Amino acid sequence: MTQITLVLPFALPPPELAPDLVRALQAPALASLLTRASCVTLPFDDNLRALPHEAWLASELSLSPQGQCAFACAAMRGLLLDPGQDSWFIINPAHIEISRSHLSIADLRRLQIDEAHSRALFETARPFFDEIGKTLLYGDASTWFMRADGWNTLQTASPDAAVGLNLTDWLPAGPAAVDFRKLQNEVQMLWFEHPANVERETTGLPPINSFWLWGLSAPKATMPAEPIFATTGVPAWLASMATIPTVALPNPFNGGGADSMLVCGDLAEAAIASDWSSWLAHMARFENMLFAPALAALKNGQAGKIKLVLSNRADHKQFITSKWAQHAFWRSPSLHRLLP
């Protein structure tokens, strides 16, 4: 029988708001899945400088046993680039916000960077990377790659781990950090009042005034053949790693026979922005599109197991349920397992 794994970043409400959000959430199918399931709070190492679901994915997809965000080479292959025998970083064009007390990185999902502007900024920056022997490759508008060479010891953070926080605590650290900062400063000056940014600002979009380096991986970091891996509502670097496009994904709830993993990132933007009304709306949509079909597939015997991996910024929980577990009628469905 097939196992369906649904990974839902930010589906665990933050502890301080959890009681109110759970009270407002209408999700009877999710309540049945959670209540009549084994539940484990998964361990998470704060030193990884990543979010819990990112560390879980890196480990589950065999990219890093320790959970480091070793996504670069898998993302390169997904974007039809060959990492060769080298190690690479992901580079995301970014917007750094300046407040009275600190700098912070904006949510990359909100940048809406298009191909023309990204290409223009890339071509302006590339000679400065070449000058210090750092090959820069273009993946797509929001995803570039830099060959690591002697910077393999840089300790970096995922952009979603750092978003909205004081960048002092999240910038790359290690012996090559000074050289990185020098390169970053030069590129920032190049992009100041760049025509692409001038055009963006005239349409109300924030300028691309910096870049974010992270995701170091060696070429041996490759995706497993199974399960079928699909994504929806996730950043481009993660979408590129899917083994099947979402539009071509067979209905995982129809008993097709193949184990599948679906990462649904639709909650992230709302949760990062603390837009909880939108978060509740997305959860209601998941109730109809994911949770209710998953519960029906279990009851009809079309799925052997359903695994839910739910997370927030600090924690993640794993729930595994089956047709027989759903027979536990004495367990009244409740959303209390979303509480800390």
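Here, the structure is the one placed above.
Every chain is numbered on its own, with residues counted from 1 as its sequence reads. Residues qualify for local features only when their pLDDT is at least 70, as the model is predicted, and side-chain atom pairs are given and counted only at 80 or more; totals for whole chains, interfaces and linings, by contrast, use all residues. As a convention, hydrogens and water are excluded, and side-chain values are obtained from all of the structure's heavy atoms.

Q: Even after reading the chapter, I still don't get the side chain of S210, so can you show me in this structure?
A: Put simply, DSSP marks the helices as runs of H or I at least four residues long and the strands as runs of E at least two long, and each gets a number from the N terminus on. Structurally, S210 is set in strand β8 (residues 210-217). Accessibility here uses a 1.4 Å probe with only protein chains present; expressed as a share of the type maximum, an area under 20% marks a residue as buried, one over 50% as exposed, and anything in between as partly exposed. Assessed through its relative accessible area of 0%, S210 is described here as buried. Within the structure, the side chain of S210 is placed 2.9 Å from the side chain of Q188, a separation counted as a polar contact. Once residues lying within four places of it in the same chain are set aside, the contact partners of S210 are N92, P93, A94, I96, Q184, Q188 and W191. Here a polar contact is taken to be a pair of N or O atoms separated by no more than 3.5 Å, where protein atoms must pair a possible hydrogen donor with a possible acceptor and residues adjacent in sequence count only if both atoms sit in side chains. Note on definitions: a residue-residue contact is assigned when non-hydrogen atoms from the two residues lie within 4.5 Å.

Q: Can you walk me through the sheet that holds strand β12 (residues 316-322) in this structure?
A: Sheet strands associate in pairs through backbone hydrogen bonding, adopting either a parallel or an antiparallel arrangement. Two strands qualify as a pair provided DSSP detects at least 2 bridges between them. Strands sit in the order β2-β12-β11-β1-β10-β9 across an open sheet of six strands; the sheet is mixed. For this open sheet the edge positions go to β2 (38-41) and β9 (228-232), each flanked by a neighbour on one side alone. The average undirected angle you get between the axes of adjacent strands in this sheet is 15 degrees. Here six bridges tie strand β1 (residues 3-8) to strand β11 (residues 305-311), and the two strands are oriented parallel to one another. Note on β11: the bridge partner recorded for L6 is L308. Here an axis means a line fitted to C-alpha atoms, over the contact stretch when the element is a helix, while the angle between two N-to-C directions is reported on a 0 to 180 degree scale. Set on the sheet, helix α2 (residues 28-35) makes contact with β11 and β12; between it and β11 the angle comes to about 100 degrees.

Q: What is the right way to read the packing of helix α5 (residues 115-131) against helix α8 (residues 195-202) from this model?
A: Each pair of packed helices can be summarised by the angle the axes make with each other and by the distance between the axes. As a packed pair, α5 and α8 sit with axes 9 Å apart at the nearest point and diverge in direction by 150 degrees. Relative to α8, α5 is oriented roughly antiparallel. Counted together, H117, A120 and L121 of α5 and A196, N197, E199 and R200 of α8 form the full contact between these two elements. Each residue is assigned to one class: nonpolar for Ala, Val, Leu, Ile, Met, Phe, Trp, Tyr, Cys and Pro, charged for Asp, Glu, Lys and Arg, and polar for all the others, Gly among them. Residues of the contact of α5 with α8, tallied by class, amount to three nonpolar, two polar and two charged. Put simply, angles under 35 degrees are roughly parallel, angles over 145 are roughly antiparallel, angles from 65 to 115 are roughly perpendicular, and the rest are oblique.

Q: Teacher, can you tell me more about the pattern of salt bridges here?
A: Oppositely charged side chains are able to pair whenever their charged atoms sit close together. What makes a salt bridge here is a side-chain nitrogen of Lys or Arg within 4 Å of a carboxyl oxygen of Asp or Glu, nothing more. Scanning all chains against the criterion turns up nine salt bridges. The partner of R285 in a salt bridge is D266, and the shortest N-O contact between them spans 3.1 Å. Within this pair, whereas R285 is found in helix α11 (residues 276-299), its partner D266 is found in the loop between β10 (260-264) and α10 (268-272), the two being separated by 19 residues in sequence. In this structure D266 comes out as buried when scored by relative accessible area, which is 18%. Through salt bridges with shared partners, a single ionic network connects D107, R109 and D160.

Q: Honestly, the sheet that holds β8 in this entry has me stumped. Any pointers?
A: In space, the four strands of this open sheet follow the order β6-β7-β3-β8, with antiparallel pairing throughout. The open sheet has two free edges, formed respectively by β6 (136-140) and β8, since each of these has just one partner strand. Along the sheet, successive strands turn relative to each other by an average axial angle of 30 degrees, direction set aside. Across four bridges, the pairing between β6 and strand β7 (residues 143-147) is antiparallel. When the sheet's bridge partners are listed, D140 is paired in β7 with T143. Sitting on the sheet, α5 touches β3 (88-94), β6, β7 and β8, and the angle it makes with β6 is about 165 degrees. Each of β7 and β8 touches helix α7 (residues 177-191); the most contacted strand, β8, lies at about 140 degrees to it.

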